[in-house]
Amino acid sequence: MRFLSMVRIDENSGLVPSSQLMSDMGKLIEEMTREGVLVSTAGLRPTAEGVRVRLRGGKLTTVDGPFAETKEVIGGFAILEAPSMNEAIELTKRFLKVHGDEWNIECEVRRMEGPDFGEA
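Because the structure is predicted, anything quoted here is derived from the model rather than measured.

It is worth spelling out helix α2 (residues 85-98) at this point. Taking 1.5 Å per residue, 14 residues should reach 20 Å; α2 reaches 21 Å between its end C-alpha atoms and fits that length. Of the positions making up α2, those classed as buried are Ala 88, Leu 91, Thr 92 and Phe 95. On an axial view of α2, the arc spanned by its buried residues comes to 100°, and they lie on one face. Set apart from the buried face of α2 by more than 90 degrees, the exposed residues are Asn 86 and Lys 97. Following α2 by one or two positions, Gly 100 adopts a phi angle in the positive range, close to 75°.

Structure, rendered in structure tokens:
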């Protein structure tokens, strides 16, 4: 089964990944890819560079970032291959632990749906 682990961050915290964090994350990504549990992962650029596309009442609109009303945003993601939600949670914990004590982040883990993702 495949799971999407979405990393939620406060992009106004002022924290930027250190070179040590990037190195440690690179090693973890290599390890998890070799193990066959990491399908894809990436960080996302700031919301100031983003656009929201909305459909409301049949009308499409776009709103340029940053999105002031949003405190926490998706700062990155990982697509995981795991036999269960519990295993996907354990894999997500590995990503979080790499960040150390200075980061206050959380991940939302959700199963992906469809015939290509282990759906019966």
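After that view of the structure, there is still more to cover.
Let us look at the layout of surface pockets. Using a probe with the size of a water molecule, rolled over the atoms, empty space left in the structure can be pinpointed. Reported here for the largest pocket is a volume of approximately 780 Å³. Forming the walls of the largest pocket are 33 residues, and the residues nearest its centre are Ile 9, Pro 17, Gly 43, Gly 75 and His 99. Counting only elements with at least two residues in the lining of the largest pocket, the list comes to β1 (2-10), α1 (19-35), β2 (38-43) and β5 (72-81). Looking at the lining of the largest pocket, the element that brings in the most residues is β5, giving six residues.

Under the 1.5 Å per step criterion, the end-to-end length of α1 is 24 Å for 17 residues, consistent within 8% with the ideal 24 Å. Residues of α1 that are buried include every one of Leu 21, Met 25, Leu 28 and Met 32, and no others. Projected down its long axis, α1 shows its buried positions confined to an angular sector of 65°, all on one face. Those residues of α1 that are exposed and angled more than 90 degrees off the buried face are Ser 19, Lys 27, Glu 30 and Arg 34. As for α1, its buried residues are in contact with β2, β5 and α2.

Time to look at the pairing of strand β3 (residues 51-56). With respect to burial, β3 is a largely exposed element, only zero of its six residues being buried. With six bridges connecting them, β3 and strand β4 (residues 59-64) associate as antiparallel partners. Residue pairing for β4: Arg 52 is matched across the bridge by Val 63.

Cut-offs and rules
Residues numbered from 1 in each chain as written. Predicted model: local features only at pLDDT ≥ 70, side-chain atom pairs only at ≥ 80, totals over all residues. Heavy atoms only, no water. Helix = DSSP H or I, 4+ residues; strand = E, 2+ residues; numbered from the N terminus. Expected span 1.5 Å × (residues − 1). Buried < 20%, exposed > 50% of the residue type's maximum accessible area, 1.4 Å probe, protein only. Arc of directions from axis to C-beta. 1 Å grid on protein atoms, 1.4 Å probe; cavity = no way out; pocket = protein on both sides within 12 Å on 5 of 7 lines; lining within 4 Å. Points joined across faces, edges and corners; volume = space filled by probe spheres on them. Contact = heavy atoms within 4.5 Å. Pairing = 2+ DSSP bridges.

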